[in-house]
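Examining the three-dimensional arrangement
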Amino acid sequence: MSDRHISEHFETLAIHAGNTADPLTGAVVPPIYQVSTYKQDGVGGLRGGYEYSRSANPTRAALEENLAALEGGRRGFAFASGLAAEDTLLRTLLSPGDHVVIPNDAYGGTFRLFAKVAARWGVEWSVADTSDPAAVRAQMTPRTKAVWVETPSNPLLGITDIAAVAQVAHAGGAKLVVDNTFATPYLQQPLALGADVVVHSLTKYMGGHSDVVGGALIVADEELGEEIGFHQNSMGAVAGPFDSWLVLRGTKTLAVRMDRHSENATKVADMLSRHPRVSSVLYPGLPEHPGHEVAAKQMRAFGGMISFRVTDGEEAAVSVCDRTQIFTLGESLGGVESLIEHPGRMTHASVAGSLLEVPSDLVRLSVGIENADDLVEDLKQALDK
């Protein structure tokens, strides 16, 4: 019996799927196979299916099994970064002349990949508010091969009804790709809602400790998995064995970390929503958030990401980022420590002047697992000065 079927409960799968005891020593943690090549049992006689670590590595294989189990997929693939995973997926799904619908709020690096890289390869794209299935439908053409969704989105925390947009994409003959980085498979499972491919930046919550860079693709369809596997091996941007081991360690505590991230973020969002120097709070856990009902339907909890806008403009937003003491000014997200950033000048500078440009008075928080009262007080003092 495969490890992925030992339990239906996420917390058990997170610890055991892919984590088979080492057959040589009985070690309960998979070894780091820091190796490039493998002795073959005669010409063409691969021992355990391994010949060269770009094609397959036991540590990476353990992580990929774990990822597939957590997302409820058939195949998982681990890459050197989230963008490496996205690039491999685009080359798998698309040819020159094909079209993609992308969201009006997305990670700046994803937009850059479409606008500056894929476009030069002949891939066309258009922008839609993916929270509105009709808006997605309106942007689709006979050449649309994929609809790309982030939910919650980065950095405006928009919510897309995955099941509804899956119906729109499939009716038009397109695949639905869902970036699940903000939610993680603990809070949301897009494949069960009709998505074809799930994308992760493993750098974020899956690793969880700000000490690894990685990406992943997970699919439900075996044939699509074979195509992605071919491109992964052909393009070569695979996760290394130590990085794979770090992420595999991180997924074991994902459930307990996401519970704490969500609890802390709820308390922070509540304070911000009542602060006189905050004009709006973007957090799907707030009842006034336009996507709250959809998020409550398709998510277990609302996650650790919050964005908010300040009343006094861009310079005030930058000053808040500079004045926090517990929240660290830095890019990325999803680690145990709390981070703060100004998207317009940092993670989303690449979307300036586009339909994805973010408000200049926006501040983004990655709420960590510190004491919630300390986080609330830190933000209060940064806003009040």
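Residues numbered from 1 in each chain as written. Predicted model: local features only at pLDDT ≥ 70, side-chain atom pairs only at ≥ 80, totals over all residues. Heavy atoms only, no water.

1. Re the overall build of the protein
The helix and strand inventory of the protein stands at 13 helices and 12 strands. Principal axes of the C-alpha set define a box for the protein whose edges measure 70 × 50 × 35 Å. Looking at the protein as a whole, 55% of its 385 residues qualify as buried. Long-range contacts, defined here as pairs at least 24 residues apart, represent 71% of the contacts in the protein between residues at least 6 apart. A total accessible area of about 15700 Å² is found for the protein, and carbon and sulfur atoms account for 52% of it. Charged side chains of the protein number 31 positive and 47 negative; the gap between the two group centres comes to 3 Å. (Helix = DSSP H or I, 4+ residues; strand = E, 2+ residues; numbered from the N terminus. Buried < 20%, exposed > 50% of the residue type's maximum accessible area, 1.4 Å probe, protein only. Contact = heavy atoms within 4.5 Å. Areas by Shrake-Rupley, 256 points an atom, 1.4 Å probe, with all protein chains shown as cover. Lys, Arg positive; Asp, Glu negative; His and termini not counted. Charge placed at Lys NZ, Arg CZ, Asp CG, Glu CD.)

2. Structural notes on the environment of Asp-378
In this fold, Asp-378 is placed in helix α13 (residues 372–384). For Asp-378, a relative accessible area of 4% translates into the label buried. Once the C-alpha coordinates of Asp-378 and Thr-324 are considered, the two residues, 54 residues apart in sequence, prove to be 6.0 Å apart. The residues contacting Asp-378, other than those within four sequence positions of it, are Thr-324, Gln-325, Ile-326 and Phe-327.

3. Some words on the packing of aromatic side chains
Enumeration according to the criterion identifies five aromatic pairs in this entry. Ring centres of Phe-10 and Tyr-186 lie 5.2 Å apart, and the angle between their planes is 55 degrees; on these two criteria the pair is classed as tilted. One end of the pair, Phe-10, is in helix α1 (residues 10–16); the other, Tyr-186, is in helix α7 (residues 184–187), with 176 residues separating them in the sequence. For the pair Phe-242 and Trp-245, a centre-to-centre distance of 6.0 Å together with 15 degrees between the ring planes defines the contact as stacked. Here Phe-242 pairs with Trp-245, and both are found in helix α9 (residues 241–252), just three residues apart, close to one helical turn. The ring of Trp-121 carries the charged tip of Arg-91 above its face, separated from the ring centre by 5.9 Å. (Phe/Tyr/Trp six-rings, centres within 6.5 Å; stacked < 30°, edge-to-face > 60°. Lys NZ or Arg CZ within 6 Å of the ring centre and 35° of its normal.)

4. Brief notes about the nonpolar core
Within the largest apolar cluster, 80 residues are counted, with the highest numbers of intra-cluster contacts made by Val-147, Leu-176, Leu-272, Ile-306, Phe-308 and Leu-365. Ranked by size, the runner-up nonpolar core spans 28 residues in total, among them Ala-118, Ala-146, Val-219 and Val-351. (Core = buried A, V, L, I, M, F, W, Y, C linked by side-chain atoms within 4.5 Å.)

5. Overview of the sheet that holds strand β4 (residues 144–150)
Strand order in the open sheet made by the seven strands is β1-β7-β6-β5-β4-β2-β3, with mixed pairing throughout. With one partner strand each, in any of the chains shown, β1 (75–79) and β3 (124–128) form the two edges of the open sheet. The sheet shows a mean angle of 20 degrees between the axes of neighbouring strands, direction not considered. One ladder, built from five bridges, connects strand β2 (residues 99–103) with β3; its direction is parallel. In the sheet register, Pro-103 faces β3, and the bridge partner there is Ala-128. (Pairing = 2+ DSSP bridges. Axes fitted to C-alpha atoms, helices over the stretch in contact; angles between N-to-C directions.)

6. Considering unusual backbone geometry
Cis peptide bonds are those with omega within 30 degrees of zero, and the linkage from Thr-151 to Pro-152 qualifies with -10 degrees. Of note, Pro-152 is situated in the loop between β4 and α6 (162–171). Positive phi outside glycine occurs at Leu-157, with the angle close to 55 degrees. Within the secondary structure layout, Leu-157 lies in the loop between β4 and α6. In the Ramachandran plot, Thr-184 falls in the positive-phi region, its phi being about 70 degrees despite a non-glycine side chain.

7. Focus on the side chain of Thr-347
For Thr-347, the position within the fold is in the loop between β11 (339–341) and β12 (362–366). A distance of 2.7 Å separates the side chain of Thr-347 from the side chain of Glu-341, its partner in a polar contact. A distance of 2.8 Å separates a polar atom in the side chain of Thr-347 from a polar atom in the side chain of His-348. With sequence-adjacent residues up to four places away left out, Thr-347 is seen in contact with Tyr-107, Gly-108, Glu-331, Ser-332, Glu-341, His-342 and Arg-364. (Polar contact = N/O pair within 3.5 Å; in protein donor to acceptor, adjacent residues only side chain to side chain.)

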